[in-house]
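# Fold and geometry: a report
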Amino acid sequence: MNQASATPTVSIENIGTFPDQRVRLRGWLYQKRSSGKLHFLQLRDGTGIIQCVAGHGDVSDALFEELAALGQESSLEVHGIVRADPRARSGFELHLSDARILQNAEDYPITPKEHGVAFLLDHRHLWLRSRRPYAILRIRAEVERTCHAFLESRGFLRLDAPVLTPAACEGTTTLFETEYFGGRAYLTQSGQLYSEAGCQAFGRVYCFGPTFRAEKSKTRRHLTEFWMVEPEAAFLDLDGNIELAEALICAIVEQVLEHRRDELEILERDPAPLEGVRAPFPRISYGQALALLEREGQPVKPGDDLGGDEETVLAGLFDRPVVVHGYPSRLKPFYMKRDPENPSLALNMDILAPEGYGEIVGGSVREENLDALDAQMAEQGIDPGPLEWYRDLRRFGAVPHAGFGLGLERTVTWISGVHHLREAIPFPRLMGRLYP
Ligand code: 4AD
Ligand code: MG
């Protein structure tokens, strides 16, 4: 490998800028096929996959033999000349002149044959290297990047919320409890209450982090650990809140379509439904939702919540996400402001994704009046003790404010067109899964 110093080290992603040049690539053997005098090595480096061709005579005899014995996912460094090849996905091939094997992997458990999901999840630490997780998790990173860029462009300051908390935000039935120096703490279900404190300090803030819910349901839409982006703004009303969420969703879809086309193609995700996602989204009230559900033969008793099945039916009636607003307030958490024109309803909104994916956003106007807040806490049996600080926000400069939470994995699942949320996060946590 004496030419190493003069040879540029490149990534597959930008190998096209080195046509007919000698380069060095480092990565892992994705697949291999040999015909007597030629080895075809599919090398991946995390930015793509490229075919490397090693001919007998182009490399030393010893190396040719070594390459023949190389197992899937072996790590290696190769040198070769970049050649344009219109048949290749990347548009290029690498003609090897030399290679150095870093580690020869034997019996890699994930082979090109089909594996069951349980097996793949048990090997998630290795499964991450396959095409499908590669595509989905790159889309996830694009969605995260867009959330930050979009909210920053709208004047929102990132303010991180704590993970260990003294009280529930979204009801006590899904709390994870942990011992805390002789006392008790809970893993956060939502950073919202802290974002509310933040918006009175900075005007517009958002938190973005993991949130936890001890969901005992085994559905394709629930994780026990999921990520949420939660903007909160002072002086924002329900309309403004809906517009903000719409614009965020549109920005996410647009950026994925612009930067992650290849990944959508790997997933065989038809981009057409995504291309139609434009604001404004249709808006329907809870009452209108019930009427539509009745018409579609999926009736819900007035006052009852909409479940996953109902969300699927409703969202299926529209070609883009649909906003459902004004749910009965007794179904909703203590912090939601009631509609002054009909106090049995909350000033809230959910956004349901099309194509059967259901709720991706939940948000509301918050109750900023201390007496009204206290009454709602009493009604729902919530201990004000650990929320004294939250009550303070109503004592010192209370203003109308609103915000929402967008579930990252729900959004990624919809955009990627995958079936189950567990594929939209690197290491999913489910009721029956804490490993790896
Ligand atoms: O509707 P949720 O419960 O709202 C809140 O937590 C508010 N405090 C947010 C806010 O206003 N700042 O959750 C918001 C979103 C849902 O729309 C959904 O996308 C996602 O979080 N979500 C889950 N995602 C995966 N697994 C779960 N178990 C989820 N529960 C909620
Ligand atoms: Mg919700």
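Below or above, wherever it landed, is the structure these notes cover. Here the structure is a predicted model, which is why all the values come from computation and not from measurement.

## A word on the sheet that holds strand 9 (residues 183-187)
- The sheet built from three strands is open, its strands ordered 7-9-8 with antiparallel pairing. Of all strands in the sheet, those bounded by a partner on one side alone are strand 7 (164-165) and strand 8 (177-180).
- The pairing of strand 8 with strand 9 spans four bridges and is antiparallel. Bridge pairing links glutamate 177 to tyrosine 186 in strand 9.

## Let's talk about empty space enclosed by the protein
- As enumerated under the stated definition, the model contains three cavities of 30 Å³ or more in all.
- Empty space within the largest cavity amounts to approximately 70 Å³.
- Forming the boundary of the largest cavity are 13 residues, of which Thr165, Ala167, Cys169, Leu193 and Tyr194 lie nearest the centre.
- The class makeup of the residues in the lining of the largest cavity is nine nonpolar, four polar and no charged.

## Points about the pattern of salt bridges
- In the structure shown here, the tally under the stated rule is 33 salt bridges.
- For the salt bridge of glutamate 196 with arginine 394, the shortest nitrogen-to-oxygen distance reads 2.8 Å. Here glutamate 196 is found in helix 5 (residues 192-202), whereas its partner arginine 394 is found in helix 12 (residues 388-395), with 198 residues between them in sequence. Each member of the pair, glutamate 196 as well as arginine 394, carries the same accessibility label: buried.
- The salt bridge involving arginine 391 is made with aspartate 374; its shortest N-O contact spans 2.8 Å. On the criterion of sequence distance, the pair formed by arginine 391 in helix 12 and aspartate 374 in helix 11 (residues 370-379) is long-range, its members being 17 residues apart.
- Taking the relative accessible area as the measure of exposure, aspartate 374 reaches 23% and is therefore partly exposed.
- Several salt bridges share partner residues, and in doing so they unite Asp374, Glu388, Arg391, Asp392 and Arg395 into one network.

Rules and cut-offs
- Position labels on residues start from 1 in each chain and follow its written sequence.
- Chain labels run from A onward and ligand labels from 1 onward, assigned in the order the entries are written.
- Local features in a predicted model are, by the rule used here, given only for residues with pLDDT of at least 70; side-chain atom pairs are given and counted only at 80 or more, and totals for whole chains, interfaces and linings are based on all residues.
- Side-chain calculation: all heavy atoms of the structure are included, whereas hydrogens and water are not.
- When DSSP finds at least two bridges between two strands, those strands are taken to pair.
- Helix and strand definitions here come from DSSP, where helices need a minimum of 4 consecutive H or I residues and strands a minimum of 2 consecutive E residues; each element is numbered from the N-terminal end.
- Put simply, the grid is 1 Å and covers the protein atoms alone, a cavity is a trapped set of points that fit a 1.4 Å probe, a pocket is an open set with protein on both sides within 12 Å along at least five of seven lines, and lining residues have an atom within 4 Å of a point.
- Grid points are joined across faces, edges and corners, and a volume is the space filled by probe spheres set on the points.
- Think of it as three bins: nonpolar holds Ala, Val, Leu, Ile, Met, Phe, Trp, Tyr, Cys and Pro, charged holds Asp, Glu, Lys and Arg, and polar takes everything else, Gly as well.
- Salt bridge, as applied in this entry: a Lys or Arg side-chain nitrogen positioned within 4 Å of an Asp or Glu carboxyl oxygen.
- For every residue, the accessible area obtained with a 1.4 Å probe (protein chains only) is divided by the maximum for its type, and the residue is called buried under 20%, exposed over 50%, and partly exposed between those limits.

Without other data, these values stay purely geometric and don't point to any function.
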